[in-house]
Amino acid sequence: MHKKTELYTFETKNTIALQFNHDAIQSVMRKSDPFALEFEYTQAMMAFLPLYEQIDHLLLIGLGGGSLSKFCYKQLPDSKITTVEISADVISHRQLFQVPANNKRFKVLEADGAIYVQNKVDFCQVILLDAYDGEGMPDAFDEQFYQYCYQALHEQGVLVVNLWRKDAYFRRNLDRIHRSFNEKTITLKCQSGNEIVFAFKNKQLAEFDEVWKQALIWQKQTQINFPQFLEELVLSPKNTWFYNGRAD
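What you are looking at is a predicted structure, and each value in this text was computed from that prediction instead of being measured.

Trainee: Would you mind showing me how to read the pairing of strand β4 (residues 57-61) here?
Mentor: Regular strands have side chains that alternate between both faces of the sheet. When you tally the buried positions in β4, you get five out of five residues, the bulk of the element. Residues of β4 alternate between two faces, with H57, L59 and I61 on one and L58 and L60 on the opposite face, all of them buried. Note: β4 against strand β5 (residues 80-85), five bridges, orientation parallel. When the sheet's bridge partners are listed, L58 is paired in β5 with I81. Crossover handedness for the path β4 to helix α2 (residues 67-75) to β5: right-handed.

Trainee: How should the nonpolar core be read in this particular structure?
Mentor: Taken as a class, soluble globular proteins show a tendency for nonpolar side chains to be buried jointly. Counting residues in hydrophobic clusters, the biggest one holds 49 residues, and the most contacted among them are M46, F48 and F198. At four residues, the largest contribution of residues to this core is made by helix α8 (residues 226-235). When residues no more than four places from it in sequence are discounted, the contact partners of M46 are L37, L68, F71, C72, L128 and F226. In this structure, L59, M137, F181 and V197 belong to the second largest nonpolar core, which totals 29 residues.

Trainee: For this particular structure, what's the right way to read the packing of helix α7 (residues 208-222) against α8?
Mentor: For any two helices packed against each other, the geometry comes down to the angle between their axes and how far apart the axes lie. Close contact between α7 and α8 brings their axes to 7 Å; oriented N to C, the two are set at 145°. Judged by residue contacts, F208, V211, W212, A215, L216, W218, Q219 and T222 of α7 engage F226, P227, L230, E231 and V234 from α8. Class assignment for the residues of the contact of α7 with α8 results in 10 nonpolar, two polar and one charged.

Trainee: Explain the sheet that holds β5 to me, please; I cannot follow it from the model alone.
Mentor: What links the strands of a sheet is backbone hydrogen bonding, and the strands pair in either a parallel or an antiparallel sense. Across the sheet, which stays open at both edges, the seven strands sit in the order β6-β5-β4-β7-β8-β10-β9 with mixed pairing between neighbours. Pairing within the sheet leaves two strands with one partner each, and these edge strands are β6 (106-110) and β9 (185-189). Strand-to-strand twist of the sheet, defined as the mean angle between neighbouring strand axes without regard to direction, takes the value 15°. In terms of strand pairing, β9 meets strand β10 (residues 194-200) through five bridges, oriented antiparallel. Bridge pairing in β10 links K189 to E195. Along the sheet, helix α6 (residues 170-180) contacts β8 (153-164), β9 and β10; its crossing angle with β8, the most-contacted strand, is approximately 175°.

Trainee: Even after reading the chapter, I still don't get the pattern of salt bridges, so can you show me in this structure?
Mentor: Where charged atoms from two side chains of opposite charge approach closely, those side chains can pair. Counted by the stated rule, this structure contains two salt bridges. Linking R179 and E143 is a salt bridge whose minimum nitrogen-to-oxygen distance equals 2.8 Å. One end of the pair, R179, is in helix α6; the other, E143, is in helix α5 (residues 143-152), and 36 residues separate them in sequence. Look at R179 and you get partly exposed, because its relative accessible area is 47%. Across the pair E195 and R165 runs a salt bridge, and its minimum N-O distance is 3.8 Å. Here E195, found in strand β10, pairs with R165, found in the loop between β8 and α6; they are 30 residues apart in sequence, far enough to count as distant. Residue E195 is classed as buried on the basis of its relative accessible area, which comes to 1%. On the basis of relative accessible area, R165 is assigned to the partly exposed category, the value being 30%.

Trainee: Hey, could you run me through a negative patch on the surface in this one?
Mentor: Together, E53, E207, D209 and E210 make up a negatively charged patch on the protein surface. With respect to the secondary-structure elements, E210 resides in helix α7. The exposure class assigned to E210 is partly exposed, which follows from its relative accessible area of 37%.

Trainee: I tried to follow the packing of aromatic side chains on my own but got confused; where do I start?
Mentor: Each aromatic ring pair is described using two quantities: the centre-to-centre distance and the angle formed by the ring planes. All told, the structure shown has 10 aromatic pairs when counted by the stated rule. Ring geometry for Y73 and F106: centres 5.0 Å apart, planes at 65°, overall edge-to-face. In this pair, Y73 is assigned in helix α2 and F106 in strand β6, connecting sequence segments 33 residues apart. Residue classification places Y73 among the partly exposed residues on the basis of a relative accessible area of 22%. By way of ring pairs, the aromatic residues F141, F145 and Y146 are connected into one cluster. The ring of F35 has K70 sitting right over it, with the charged end atom 5.8 Å from the ring centre. Positioned over the ring face of Y150 is K201, at 5.2 Å from the centre of the ring.

Quick notes on the rules
- Residues numbered from 1 in each chain as written.
- Predicted model: local features only at pLDDT ≥ 70, side-chain atom pairs only at ≥ 80, totals over all residues.
- Heavy atoms only, no water.
- Buried < 20%, exposed > 50% of the residue type's maximum accessible area, 1.4 Å probe, protein only.
- Helix = DSSP H or I, 4+ residues; strand = E, 2+ residues; numbered from the N terminus.
- Pairing = 2+ DSSP bridges.
- Right-handed = clockwise from strand over helix to strand, strands pointing away.
- Core = buried A, V, L, I, M, F, W, Y, C linked by side-chain atoms within 4.5 Å.
- Contact = heavy atoms within 4.5 Å.
- Axes fitted to C-alpha atoms, helices over the stretch in contact; angles between N-to-C directions.
- Nonpolar A, V, L, I, M, F, W, Y, C, P; charged D, E, K, R; others polar.
- Salt bridge = Lys/Arg side-chain N within 4 Å of Asp/Glu carboxyl O.
- Patch = residues over 30% accessible without salt bridge, like charges linked within 9 Å, V, L, I, M, F, W, Y side chains within 5 Å.
- Areas by Shrake-Rupley, 256 points an atom, 1.4 Å probe, with all protein chains shown as cover.
- Lys, Arg positive; Asp, Glu negative; His and termini not counted.
- Charge placed at Lys NZ, Arg CZ, Asp CG, Glu CD.
- Phe/Tyr/Trp six-rings, centres within 6.5 Å; stacked < 30°, edge-to-face > 60°.
- Lys NZ or Arg CZ within 6 Å of the ring centre and 35° of its normal.

See the structure below:
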């Protein structure tokens, strides 16, 4: 059982940060560019973008300071974006972090993500899970939860999960995702100690040359090094299945 996580904000001339229990920085917003992604791991979580021509609906589990939700809102103007956050206290900071108001295509809902995803079928194309609190990954994100995520995705959908390599349960969490997605997973390591997991429901990817072109376009649009992320995914010895010319 996790103890209650306390939230704090810390403001400087250039940034606003959201912290857990005075020690774990959850999110940072640069005042000059509030929709940018400041952390490497959040940028890495978006490495799926070059793989898809169009994304109709993204589900984000965990709001934090809203970095991922805001980035998706700005960069994917034709996509529906639903964010679920269990903590009313976290949601209460949305105005401070310039999270857009709920509208026709963008919603932040107060809900337990582990429950919200249950019984959803063919619900969305992408699920982004960044749900660590001040005590770690909540117990509710068990193997059954990842099976619900699998069911909630479109046929060509992807689950993207932020894991922390120093977490005592890192290997267990990684194995749960791997099993739930029939071993169709790849990972991307960050210098920060985060490891981003991409779990595909049914991998049907475009030709690599086309994906590479899209990575360059996204890099120009966002100033994020998507080609580097793509190289690391493809060249990692652990990810040899990812672009082997097969869909299975």
